[in-house]
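Inside the fold
Residue strings, one per chain:
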Amino acid sequence: MERPASPQMASSSPDSPCSCDCFVSVPPASAIPAVIFAKNSDRPRDEVQEVVFVPAGTHTPGSRLQCTYIEVEQVSKTHAVILSRPSWLWGAEMGANEHGVCIGNEAVWTKEPVGEGEALLGMDLLRLALERSSSAQEALHVITGLLEHYGQGGGCLEDAAPFSYHSTFLLADRTEAWVLETAGRLWAAQRIQEGARNISNQLSIGTDISAQHPELRTHAQAKGWWDGQGAFDFAQIFSLTQQPVRMEAAKARFQAGRELLRQWQGGITAEVMMGILRDKESGICMDSGGFRTTASMVSVLPQDPTQPCVHFLTATPDPSRSVFKPFIFGVGVAQAPQVLSPTFGAQDPVRTLPRFQTQDRGQQLQQKQRDLEQEGLEATQGLLAGEWTPPLWELGSLFQAFVKRESQAYA
């Protein structure tokens, strides 16, 4: 895969929470007849992010569900989901369900104040939508309905110091994608039926609004942010006049991500998306200061409903040093217990004196990682092309098998 030059990112404080980037490619931007979804989750560098499988379930009518901070009404049936989530909370940064719906969540700050009270986190809304929807559009309705009823709020870090934000979402299924951006309980959404799109911790929906909160425009007019006559540009009207440093950095990452998608237009594959998520020059893959890319995900959602959706998850920090391991919903799917970041034990370069001198071993390990990842890519390409037809139980255990093999590579 020949790699286009990486756009440069504007500098920012190394301790500024730079947060996340989400990408989607809808044919004809994709090289194959599939929607391709990708996300990097940037979180505190010492926070563990797990990959959690939750099977489908049925629930007692009237029962309650405990999310990170508050309870909500449970529904009678929930779908099976695979989630990449900070281990301390209930929701997730990104994930997919058995119907081929994928969602990524990002932080955003707007003119609407962030509530001080505890409510649903954006990550809670993401998981709730995956468990309750069978399409991207249905997931959008789930999120906006819960947002209207419960609101969003509460600490977003495992820390006593307050750090809260509102949320933006990228939702995708086999046929289309949606961008959903919120400001308190208000929201706007944009439908993506072809081409490539990305989001990066800032409002990005302008006048191309496909759906919106019924009071969005009247609220903006009442606040004096819109005169009621000119074009209604959601991002321009609701974005902060004075942007914090983290959002200025996000603006540069958004432009860099959009340019990388443009360079690959018509040729976007899972491998291309992995390369974008690994791009350090643009800041999309970050590893500096207090925050880093703690987990990554790429999903291939074939338009042909007879083909399975394939979800690649790292389950480890920094995609440039990680293996994207394939997961497919099916019979025999179970929780992989080894999804915490592995260590090299006493032979780790940081434990060996003189420190950081065993560079050859690191290069050999990276080659093993890429060989293993390539095997997963080739296997799933064969599956989607009809050249490989394994039994359902083998598909269900695919992710766990690759986790075990990656662990063996570190031994």
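Note: the structure precedes this text.
Values in this document were obtained by computation on a predicted structure and should not be read as measured data.

1. Remarks on the environment of Q367
Mapped onto the elements of the fold, Q367 is located in helix α7 (residues 359–384). Of note is the side chain of Q367, whose polar atom sits 2.8 Å from the side chain of D371.

2. Focus on the sheet that holds strand β8 (residues 81–86)
The strand order across the open sheet formed by eight strands is β3-β8-β9-β10-β11-β12-β13-β15, and the pairing between neighbours is antiparallel. Both edges of this open sheet fall to β3 (49–54) and β15 (211–212), since each of them pairs with a single strand only. Where strand β10 (residues 102–108) and strand β11 (residues 166–172) come together, seven bridges link them in antiparallel fashion. Looking at the pairing, V108 lines up with H166 of β11. Contacts between helix α1 (residues 122–132) and the sheet are confined to β3, β8, β9 (94–97), β10 and β11, with β10 contributing the most and set at about 165° to the helix. Helix α2 (residues 136–150) contacts β10, β11, β12 (177–183) and β13 (186–192) of the sheet and is inclined by roughly 10° relative to β12.

3. Focus on the packing of α1 against α2
Contact pair α1 / α2: the axes reach a minimum separation of 9 Å and the direction vectors enclose 135°. By the angle between their axes, α1 is oblique relative to α2. Here α1 runs over α2; the crossing is right-handed. Where α1 abuts α2, its residues L125, L128, A129 and R132 lie against E138, A139, V142, I143, L146 and L147.

4. Considerations on the pattern of salt bridges
Within the structure shown, the criterion is met by 15 salt bridges. Residue D318 pairs with K280 through a salt bridge whose shortest N-O separation is 3.2 Å. Separated by 38 residues along the polypeptide, D318 in the loop between β18 (310–313) and β19 (325–327) and K280 in the loop between α6 (270–277) and β16 (287–288) bring together distant segments of the chain. Overall, the relative accessible area of 1% leaves D318 in the buried class. Here K280 falls in the partly exposed class, since its relative accessible area comes to 38%. Put simply, R45, K280, D287, R292, D318 and R321 are held in one network by salt bridges that share partners.

5. As for the pairing of strand β14 (residues 195–199)
Regular strands show a simple pattern: their side chains alternate between the two faces of the sheet. Counting buried residues in β14 gives four out of five residues, a clear majority hidden from the surface. When strand β1 (residues 21–26) meets β14, the two strands line up antiparallel, connected through five bridges. From the neighbouring strand, C22 faces β14, where its bridge partner is I199.

6. Structural notes on unusual backbone geometry
With an omega dihedral of 15°, the bond running from P27 to P28 counts as a cis peptide bond. Its location among the elements puts P28 in the loop between β1 and β2 (34–44). Phi angles above zero are rare outside glycine, and A315 is one such case at about 60°. Structurally, the position occupied by A315 is in the loop between β18 and β19.

7. Re α6
Burial within α6 is extensive, with seven of its eight residues counted as buried. Within α6, the full set of buried residues consists of A270, V272, M273, M274, G275, I276 and L277. In this structure T269 caps α6, since a side-chain oxygen of it lies 3.3 Å from the backbone nitrogen of E271.

About the cut-offs
Residues numbered from 1 in each chain as written. Predicted model: local features only at pLDDT ≥ 70, side-chain atom pairs only at ≥ 80, totals over all residues. Heavy atoms only, no water. Helix = DSSP H or I, 4+ residues; strand = E, 2+ residues; numbered from the N terminus. Polar contact = N/O pair within 3.5 Å; in protein donor to acceptor, adjacent residues only side chain to side chain. Pairing = 2+ DSSP bridges. Contact = heavy atoms within 4.5 Å. Axes fitted to C-alpha atoms, helices over the stretch in contact; angles between N-to-C directions. Parallel < 35°, antiparallel > 145°, perpendicular 65-115°, else oblique. Left-handed = near helix turned anticlockwise from the far one by under 90°. Salt bridge = Lys/Arg side-chain N within 4 Å of Asp/Glu carboxyl O. Buried < 20%, exposed > 50% of the residue type's maximum accessible area, 1.4 Å probe, protein only.

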